[in-house]
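Report on the structure
These are the residues of each chain, in order.
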Amino acid sequence: MPTSKCPWVALLLLACQAQLTAQSFPQDLLCLNFSGNAFGMNSRAGHGTLLGATGRTGYNGAARVGNSIYACAQVGTLPPLQFFLDRIDDDTGQATRLFPLSMDLRGMAGTANGTLYAVAQGSPSDTLVRVNVSNGAITVVGPIGFSAVQGLTERSGRLYGWDLTAGLLQINANTGAGTDVNPSIGTNGVAIQFLTTMVDGRLIGGQNTLYEVDPATGVPDHLGSGQYNDLRAGEERFGVLYTFGTGCAGVSMTLAGVPQAPGTVTTTSIGHDPVSLGSVQIGFSDRNFRGFPLPMRLDNMLGTVDCFAYAGPDIGLTVFTSGIGVMNVVVSVPAGMQGLVFHVQHISLSNSPGGLAFSNGGTVRVRL
């Protein structure tokens, strides 16, 4: 990536008062429902977009191990039921059937060391198990102590599960024993069938609505819903890029390219003043920059109108717009940066209120 700094923009951003605004972050989450459809999900607003049919049905859980998403599927609705391990394509949601499973698995969680954990349904207790992704073999870890665990995820080295009665659990990866994070609230009245952890640490779950769950208190915060139903599995999605928010002073930005490492992504914005000094800002968080929440309203300090900072300037590149007011910059993604998530914004000097124009934001999620 470019490494030259653009300190004048950083100073302006740090001087401004912060104010949040509703934004769109489309399709950073891949979800499956029991009917076998795959959805690209917006993990901020809870909206979904149908990607298409997986080609299979009966999904009850999914997790990423390495660069692959694995899902457990149930075939049939009455005994005798069959269960299978599938691989799911990040881009399309298409399923590839791998191996039969000997247990009815629900929530699944992949760990940094390549272990795939799952919850096996049982009575009087569900059981934590490990699944061998090379052959589908299941190894029992131990009883969880709760009997309606549907969601499972790893966050900061700990396993978390969601029980339909108790709510959020911590689960011991060595023994399987579950502990209720907050016995006083249970599920707090929400329906959650899956859990997943985003790269920024957010714990996301849902079924017909998405929630962000506080891992310390177990309290779910409503995010939104729309265009999906009966989600049973979800995993963070990579290999996609998108724009969000709105620019000001007539400037708008688009992204193009294949987000892979090594590779390049082209960032193009229009509506700038011709041949004006500008900057491409690259940030590694879309939530804060040095303690300031993002997006950050810039109008109060700069005198602009409806301008926001969407990407904290961790890296800046000074550029000029073209003679027709276009800023076109190719951002290089070096080898070894698989799974990197970064955010981009264009800024230029402008004959508009405040003397600056800001584009909307863009996010690049590099393929694993």
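For the structure, check the block above.
Along every chain, residues carry numbers that run from 1 in the direction the sequence is written. Under the rules for a predicted model, residues below a pLDDT of 70 receive no local features and side-chain atom pairs below 80 are neither given nor counted, while totals for whole chains, interfaces and linings still include all residues. As a rule here, side-chain values cover all heavy atoms of the structure and leave hydrogens and water aside.

Tallying secondary structure elements over the protein gives 2 helices and 32 strands in all. For a compact globule the rule gives 2.2 Å times the number of residues to the power 0.38, and the radius of gyration it is set against comes from C-alpha atoms. At 22 Å, the protein has a C-alpha radius of gyration in line with the 21 Å of a compact globule built from 368 residues. Counting only C-alpha atoms and orienting by the principal axes, one finds that the protein spans roughly 70 × 40 × 35 Å. The buried label applies to any residue whose accessible area, calculated with a 1.4 Å probe on protein chains only, is under 20% of its type's maximum; exposed applies above 50%, and partly exposed to all values in between. Residue burial in the protein is summarised as follows: out of 368 residues, 54% are buried. The contact definition used throughout considers only heavy atoms, calling two residues in contact when any of these lie within 4.5 Å. At a minimum sequence separation of 6, the contacts of the protein that also span at least 24 residues come to 59%. Under the DSSP-based scheme used, a helix requires at least four consecutive residues in state H or I and a strand at least two consecutive residues in state E, with every element numbered from the N terminus.

Moving on, we come to the pairing of strand E21 (residues 240-244). Two faces belong to every sheet, and in a regular strand the side chains alternate between them. Residues Val240, Tyr242 and Phe244 line the buried face of E21, whereas the alternating positions Leu241 and Thr243 sit on a face that is not buried. Two strands form a pair only when DSSP identifies at least two bridges running between them. Sheet analysis places E21 next to strand E32 (residues 356-365), joined by 5 bridges and oriented antiparallel. Of the residues in E32, the one forming a bridge with phenylalanine 244 is glycine 361.

Looking now at the pattern of salt bridges. A carboxyl oxygen of Asp or Glu within 4 Å of a side-chain nitrogen of Lys or Arg is what we treat as a salt bridge. Under the defined criterion, the tally for this structure stands at 11 salt bridges. Between arginine 44 and aspartate 286 there is a salt bridge, with its nearest N and O atoms 2.7 Å apart. Of this pair, arginine 44 sits in the loop between strand E2 (37-41) and strand E3 (48-53) while aspartate 286 is found in the loop between strand E24 (277-283) and strand E25 (288-289), placing the two residues 242 residues apart along the sequence. Each member of the pair, arginine 44 together with aspartate 286, is buried. Between aspartate 306 and arginine 297 there is a salt bridge whose closest N-O contact spans 3.7 Å.

Here we come to the sheet that holds strand E17 (residues 203-206). Pairing within the open sheet is antiparallel, and its 4 strands lie in the order E16-E17-E18-E19. Edge positions in the sheet fall to strand E16 (194-197) and strand E19 (220-224), since each has one partner strand and no second. With direction set aside, neighbouring strand axes in the sheet form an average angle of 30°. Between N-to-C directions, angles cover 0 to 180 degrees, with each direction set by a line fitted to C-alpha atoms, over the stretch in contact for helices.

To continue, consider unusual backbone geometry. Between serine 123 and proline 124 the backbone carries a cis peptide bond, its omega angle lying at 10°. Looking at the secondary structure, you find proline 124 in the loop between strand E9 (116-120) and strand E10 (127-131). Going from alanine 261 to proline 262, the amide bond is cis rather than trans, its omega being -5°. Although it is not a glycine, alanine 249 sits at a positive phi angle of roughly 60°. Within the secondary structure layout, alanine 249 lies in the loop between E21 and strand E22 (252-257). Judged by its relative accessible area of 39%, alanine 249 is partly exposed. At arginine 290, a residue that is not glycine, the phi angle is positive and equals roughly 50°. Tracing the backbone shows arginine 290 in the loop between E25 and strand E26 (292-293).

Glancing now at the sheet that holds strand E7 (residues 95-101). For sheets, the rule is that strands pair by backbone hydrogen bonds, running either parallel or antiparallel. Strand order in the open sheet formed by 4 strands is E4-E5-E6-E7, and the pairing between neighbours is antiparallel. Among the strands making up the open sheet, the edge pair consists of strand E4 (59-65) and E7. The sheet shows a mean angle of 25° between the axes of neighbouring strands, direction not considered. Sheet analysis places E4 next to strand E5 (residues 68-75), joined by 6 bridges and oriented antiparallel. Across the sheet, the residue bridging to alanine 63 is tyrosine 70, located in E5.

Disulfides are defined as cysteine sulfur pairs within 2.5 Å. For the structure on display, the rule yields 1 disulfide. A sulfur-sulfur separation of 1.9 Å characterises the disulfide bridge that pairs cysteine 248 with cysteine 307. For the disulfide bridge between cysteine 248 and cysteine 307, the dihedral angle about the S-S bond is near 100°, and by the sign convention the bridge is right-handed. Placement of cysteine 248 in the loop between E21 and E22 and of cysteine 307 in the loop between helix H2 (299-302) and strand E28 (308-309) is noted, with a sequence separation of 59 residues between them. Accessibility assignment for this pair places cysteine 248 and cysteine 307 in one class, buried.

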